[in-house]
Amino acid sequence: MKKLCLLIICLAYAACIQAGGDPEAGKEKSAPCVACHGPDGNSVNPAWPKLAGQGEKYLVEQMQFFKDRIRVNVLMNLQVQNLSEQDIQDLAAYYTSQTPSPGAADPDKEYQSEKLFMIGQRIYRGGNAATGVPACMSCHGPNGLGNAPAKFPRIAGQHAVYVATQLRAYRSGARFQPDDNLNSMAGIVNYMTETEIDAVAEYIAGLH
């Protein structure tokens, strides 16, 4: 009886795994993505995000948002429009399994004689109590690794240009996500100055 129960549990577990994404299948399906995101999810162009090592649930959700045009980007909307649910799962599993390349903050960028990434470090780790900006690490972690179960994305080593663009998109309303956790971003960025946005983005680029 115990052996039968164990077999049933194993079969159920295997079925759950099979129902998710297949990294090998995702690798084959990622061919159209290589031009922008690189062969392993590490994009070279700073305007396009690194996907390697990103949380699987987050990637699935974002691709679905692009497919449903909740999140608008002409290139991405076209790329995902014919993807099935399994395609999305497979692609997410593949990119999650890849190793993210390290990034680096630009040490030469300054604001009023202070290194920009140092300003970003203060905000990322301690927020700005005077203006109501919370510490970024409260959701994204002290090293920017995110919280995969909560779908808070990994941001460590992400391109500063891309991060700053997305923060401004949240503030303008151009980027909107029907998720209470992620929608908090719009409220947070509304209290940030232009310099703070650029500074945080620069600091994030050097996290690992």
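About the cut-offs
Residues numbered from 1 in each chain as written. Predicted model: local features only at pLDDT ≥ 70, side-chain atom pairs only at ≥ 80, totals over all residues. Heavy atoms only, no water. Helix = DSSP H or I, 4+ residues; strand = E, 2+ residues; numbered from the N terminus. Buried < 20%, exposed > 50% of the residue type's maximum accessible area, 1.4 Å probe, protein only. Core = buried A, V, L, I, M, F, W, Y, C linked by side-chain atoms within 4.5 Å. Contact = heavy atoms within 4.5 Å. Phe/Tyr/Trp six-rings, centres within 6.5 Å; stacked < 30°, edge-to-face > 60°. Polar contact = N/O pair within 3.5 Å; in protein donor to acceptor, adjacent residues only side chain to side chain. Disulfide = S-S within 2.5 Å. Salt bridge = Lys/Arg side-chain N within 4 Å of Asp/Glu carboxyl O. Axes fitted to C-alpha atoms, helices over the stretch in contact; angles between N-to-C directions. Parallel < 35°, antiparallel > 145°, perpendicular 65-115°, else oblique. Left-handed = near helix turned anticlockwise from the far one by under 90°. Nonpolar A, V, L, I, M, F, W, Y, C, P; charged D, E, K, R; others polar.

*Asks:* Describe the overall build of the protein, naming the residues involved and giving the relevant values.
*Replies:* Across its full length, the protein holds 11 helices and 2 strands. In the protein, the succession of helices and strands from N to C terminus is α-α-α-α-α-α-β-β-α-α-α-α-α. The proportion of buried residues among the 208 residues of the protein is 40%.

*Asks:* Account for the nonpolar core, naming residues and giving values.
*Replies:* Judged by nonpolar contacts, the single largest core of 24 residues is most densely connected at Tyr124, Val189 and Ile204. Within the residue set of this core, elements represented by two or more residues are helix 7 (116-126), helix 9 (160-172), helix 10 (180-189) and helix 11 (194-205). Looking at which element gives the most residues to this core, the answer is helix 11, with 7 residues. Not counting residues within four places of it along the chain, the set of residues in contact with valine 189 comprises Leu167, Tyr170, Arg171 and Ile197.

*Asks:* Any details on the packing of aromatic side chains? Residues and values, ideally.
*Replies:* The geometry of an aromatic ring pair is captured by the separation of the ring centres together with the interplanar angle, meaning the angle of the planes. With the rule as written, the count across this model stands at 2 aromatic pairs. Ring geometry for tyrosine 94 against tyrosine 95: centres 5.1 Å apart, planes inclined by 55 degrees, an arrangement best described as tilted. Here the aromatic rings of tyrosine 124 and tyrosine 203 are separated by 5.5 Å at their centres, their planes lie at 55 degrees, and the arrangement is tilted. Of this pair, tyrosine 124 sits in helix 7 while tyrosine 203 sits in helix 11; the two residues are 79 residues apart in sequence, bridging distant segments of the chain. Like tyrosine 124, the residue tyrosine 203 is buried in the burial classification.

*Asks:* Kindly report on the side chain of asparagine 42, identifying the contributing residues and their values.
*Replies:* Take asparagine 42: it is sitting in the loop between helix 3 (34-37) and helix 4 (56-67). Residue asparagine 42 is classed as buried on the basis of its relative accessible area, which comes to 10%. There is a polar contact of 3.0 Å between the side chain of asparagine 42 and the backbone oxygen of threonine 99. Not counting residues up to four positions away in its chain, the partners in contact with asparagine 42 are His37, Lys50, Ala52, Thr99, Pro100 and Ser101.

*Asks:* Which residues make up the state of the cysteines, and what values go with them?
*Replies:* Here a disulfide denotes one covalent bond, and it connects the sulfur atoms of two cysteines. If you walk through the whole model with that rule in mind, you get 0 disulfides. Looking at the unpaired cysteine 33, the closest cysteine sulfur is the one in cysteine 36, lying at 8.7 Å. In this model cysteine 139 remains outside any disulfide bridge; the closest cysteine sulfur is found in cysteine 136, 8.9 Å from its own.

*Asks:* Pulling in residues and values, what's your account of the pattern of salt bridges?
*Replies:* Per the counting criterion, the structure on display carries 9 salt bridges. Notably, a salt bridge pairs glutamate 202 with lysine 109, separated by 3.3 Å at the nearest N-O pair. Residue glutamate 202 is located in helix 11, and its partner lysine 109 is located in the loop between helix 6 (85-97) and strand 1 (110-111); the two are separated by 93 residues in the primary sequence. Judged by relative accessible area, glutamate 202 falls into the buried class, the value being 5%. In this structure, arginine 168 engages aspartate 198 in a salt bridge whose closest nitrogen and oxygen atoms are separated by 3.0 Å. Placement of the pair is arginine 168 in helix 9 and aspartate 198 in helix 11, with a sequence separation of 30 residues. Owing to a relative accessible area of 31%, aspartate 198 belongs among the partly exposed residues under this scheme.

*Asks:* Kindly report on the packing of helix 4 against helix 6, identifying the contributing residues and their values.
*Replies:* In contact at an axis separation of 9 Å, helix 4 and helix 6 are set at 135 degrees when each is read in the N-to-C sense. Of the possible angle classes, the one that applies to helix 4 and helix 6 is oblique. Relative to helix 6, helix 4 is oriented so that their crossing is right-handed. Here Glu56, Leu59, Val60, Met63, Gln64 and Lys67 of helix 4 come into contact with helix 6, specifically with Ile88, Gln89, Leu91, Ala92, Ala93, Tyr95 and Thr96. When the residues that make up the contact of helix 4 with helix 6 are grouped by side-chain class, the tally is 8 nonpolar, 3 polar and 2 charged.

*Asks:* Pulling in residues and values, what's your account of the environment of glycine 127?
*Replies:* You can see glycine 127 is positioned in the loop between helix 7 and helix 8 (137-140). Judged by relative accessible area, glycine 127 falls into the buried class, the value being 15%. It is 8.9 Å that separates the C-alpha atoms of glycine 127 and methionine 137, two residues lying 10 residues apart in sequence.

This is a description of form; function is not addressed.
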